[in-house]
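Structure at a glance
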Amino acid sequence: MKTQSLLMELYKNPTAELVYSVLTLDERFSDEIHEFSANVRNKVHDRVIHLRGIIEISNYCIHNCSYCGIGRECSGVNRYRMSEGEIIENAVYANALGYKTVVLQSGEDSYFSAETLGRIVQNIKKKADVAVTLSCGEYSLDEYRFLHQSGCDRYLLRFETSSEEIYSKMHEGQKFQERIQSLHSIYESGIQTGSGFLIGITPDLVSLTDDIMLCRSLDLDMIGCGPLIADPATSMKDFIFPFEKEIAFRTMAIMRIICPWAHIPATTAFDAFSPQGRVKVLDSAANVFMPNVTPLKFKLNYNLYPKKTSVDESAELSFESSKKLIESRGFITGQGYGHSIRKGYFQS
Ligand code: SAH
């Protein structure tokens, strides 16, 4: 099948076979794939890129995920937890800079009960004109419902891998089915749901195809993926990305083609992965960019993996430079909250 008809078929009727065929196309077809994906994004999202300010509220974690640099047993981590007041103040500051969404992210820190998180969200909503996304790990359906009632708009919880076997190997004491159940609970609570996986966590393209197809079948509002980066503080310190780098970029393009409605960020991990990696994802597939607005003194200690860029950049600088970057690539910076368009997409 010619590349264009293959891509059109993938767009119209995504199947695992088609995803695999596109993943395995020769590198000489890469430009054509990325161009197709960019056209889908431009058509559905009007060349608008939403900026979300990310606040890393705590690097305490009860879990010990094999790849993650802030896991419970990682040594040499300077642990910190922002106070409720600091988080709210930081969200208000992000809003003053121009952000219409703040994303609060943390390790799975038992200090942040649903009640505490809910109170923080309520206070942010009283003081700032922003949508709030949380990315703080697993809670129960009732707790997600409470968070929704407290004003939480969106929640990010990656399933990390669709392989149950690899999931249990890499997430000591955690269960894949519980992760998926949490995602269903987020969805059921009425919160816009985001998930995704670590590209390269499984070393073969059949499993990568399964990961991509799971994003599609979960019917997500947001899809966040990034390549796995070796962190020296973890047991995966010698990890080597198992594919050509193009596979990571192509994964994002395929995701865009099969989930046109989804909010897809160009994640920071792409910059640690490849020079200008985030820009490449922005050019080809993403419609969301997430600058870091964590106060500098904390941000330096939130190392999920060794970051190569923006670690010492102030929040103010990262907003301005992201906006400039977006506009220099011919995009428009989103002015609104940038809520999910999934339901509208299927009605039209
Ligand atoms: N505690 C929250 C947030 C986790 S951090 C939760 O459980 O969802 C956010 C994401 O960073 C993770 O879901 C994981 O996919 C990613 N991440 C962690 N370590 C990484 C690494 N070494 N390389 C790339 N991404 C990583």
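Summary of the structure given here. The numbering scheme is per chain: residues are counted from 1 as the chain's sequence reads. Totals for whole chains, interfaces and linings use all residues, but because this is a predicted model, local features are given only for residues with pLDDT of at least 70 and pairs of side-chain atoms are given and counted only at 80 or more. To obtain the side-chain values, all non-hydrogen atoms of the structure were included, while hydrogens and water were left out.

Glancing now at the packing of helix α2 (residues 16–23) against helix α9 (residues 205–217). Lines are fitted to the C-alpha atoms to define the axes, a helix being fitted only along its stretch in contact, and any angle between axes, read from their N-to-C directions, falls within 0 to 180 degrees. Helix and strand labels come from DSSP, where a helix needs a run of H or I of at least four residues and a strand needs a run of E of at least two; each type is numbered from the N terminus. With their axes 9 Å apart at the nearest point, α2 and α9 run at an angle of 125° to one another. Looking at the two axes, α2 sits oblique to α9. Handedness of the crossing formed by α2 with α9: right-handed. Taken together, the residues of α9 that come into contact with α2 (itself represented by Ala16, Val19, Tyr20 and Leu23) are Leu205, Val206, Leu208, Thr209, Ile212 and Met213. Three residue categories are used. Nonpolar comprises Ala, Val, Leu, Ile, Met, Phe, Trp, Tyr, Cys and Pro, charged comprises Asp, Glu, Lys and Arg, and polar comprises the others, including Gly. Classifying every residue of the contact of α2 with α9 gives nine nonpolar, one polar and no charged. Should an angle lie under 35 degrees it is considered roughly parallel, over 145 roughly antiparallel, and from 65 to 115 roughly perpendicular; all remaining angles are considered oblique. By convention the crossing between two helices is left-handed if the near helix lies anticlockwise of the far one by an angle smaller than a right angle, and right-handed if it lies clockwise. Contacts are assigned to residue pairs that have any heavy atoms within 4.5 Å of one another.

With that settled, consider the sheet that holds strand β11 (residues 288–289). By definition, two strands form a pair when at least two bridges between them are found by DSSP. Taken together, the four strands give an open sheet; going across it, the order is β10-β11-β1-β12, and neighbouring strands pair in parallel fashion. Of all strands in the sheet, those bounded by a partner on one side alone are β10 (265–266) and β12 (332–333). In this sheet, β12 lies alongside strand β1 (residues 48–51) in parallel orientation, the contact comprising two bridges. What sits directly across from Val48, in β12, is Ile332.

Grouped together as the largest cluster of nonpolar side chains are 107 residues, with contacts concentrated most on Ile124 and Tyr155. Looking at which element gives the most residues to this core, the answer is helix α10 (residues 245–258), with nine residues. The contact partners of Ile124, leaving out residues within four places of it in the chain, are Ile87, Ile88, Ala91, Leu104, Val130 and Val132. Nonpolar cores were defined as sets of buried Ala, Val, Leu, Ile, Met, Phe, Trp, Tyr and Cys residues, with membership established by side-chain atoms within 4.5 Å. Three exposure classes are used, based on accessible area relative to the maximum for each residue type with a 1.4 Å probe and protein chains only: buried under 20%, partly exposed in between, and exposed over 50%.

Glancing now at the environment of Val279. Along the chain, Val279 turns up in helix α12 (residues 277–284). With near-sequence residues (within four places) excluded, Val279 lies in contact with Leu325 and Arg329.

If even one non-hydrogen atom of a residue comes within 4 Å of a molecule or strand, that residue is called near it. The environment of the ligand is made up of 19 residues, and the closest members are Tyr67, Ser106, Arg158, Glu160 and Ile229. In the environment of the ligand, a nitrogen atom lies 2.9 Å from a nitrogen or oxygen atom belonging to the backbone of Ser106. Exposure was quantified through the Shrake-Rupley algorithm and a 1.4 Å probe, taking into account, for residues, occlusion by the shown protein chains and nothing else. Protein contacts shield 91% of the accessible area of the ligand, which totals 550 Å² for the unbound molecule. For the shell around the ligand, a count of residues per class yields 10 nonpolar, five polar and four charged. Pairs of N or O atoms within 3.5 Å make up the polar contacts considered here, provided that, within protein, one atom can donate a hydrogen while the other can accept it, and that residues adjacent in sequence are counted only when both atoms are side-chain atoms.

Right, let's get into unusual backbone geometry. Of note, the phi angle at Glu160 is positive, near 70°, even though the residue is not glycine. For Glu160, the location among the structural elements is in the loop between β5 (154–156) and α7 (164–170).

This next bit is on the pairing of strand β2 (residues 53–58). Consecutive side chains of a regular strand alternate in pointing toward one face of the sheet and then the other. Buried residues dominate β2, accounting for six of its six residues. Note on the crossover from β2 through helix α4 (residues 84–97) to strand β3 (residues 101–106): the handedness is right-handed. With the strands aimed away from the viewer, a crossover counts as right-handed if its path from the first strand over the helix to the second runs clockwise.

On to the packing of helix α6 (residues 141–149) against helix α8 (residues 176–189), then. Direction vectors running N to C along α6 and α8 enclose 40°, while the axes themselves pass 8 Å from each other. In terms of axis orientation, α6 runs oblique to α8. As for the relative orientation of α6 and α8, their crossing is right-handed in sense. Residues Leu141, Tyr144, Arg145 and His148 of α6 lie in contact with α8, whose contacting residues are Ser182, Ser185, Ile186, Glu188 and Ser189. Residues of the contact of α6 with α8, tallied by class, amount to three nonpolar, four polar and two charged.

In this section: the packing of aromatic side chains. The criterion for an aromatic pair is that two Phe, Tyr or Trp rings (for Trp, the six-membered ring) have centres within 6.5 Å, with stacked assigned to planes under 30 degrees apart, edge-to-face to planes over 60 apart and tilted to the rest. Evaluation of the coordinates by the stated rule reveals 16 aromatic pairs. Taken together, a centroid distance of 6.0 Å and an interplanar angle of 75° make the contact between Tyr139 and Tyr144 edge-to-face. Its relative accessible area of 0% is what places Tyr144 among the buried residues. Relative to Tyr155, the ring of Tyr144 has its centre 5.1 Å away and its plane inclined at 80°; by these criteria the two rings are edge-to-face. Placement of the pair is Tyr144 in helix α6 and Tyr155 in strand β5, with a sequence separation of 11 residues. Connected via pairs of aromatic rings, a cluster forms that spans Phe241, Phe243, Phe249, Phe270 and Phe273. Taking NZ or CZ as reference, Lys245 lies 4.9 Å from the ring centre of Phe273, over its face. In our convention, an over-ring charge means Lys NZ or Arg CZ found within 6 Å of a ring centre and within 35 degrees of that ring's normal.

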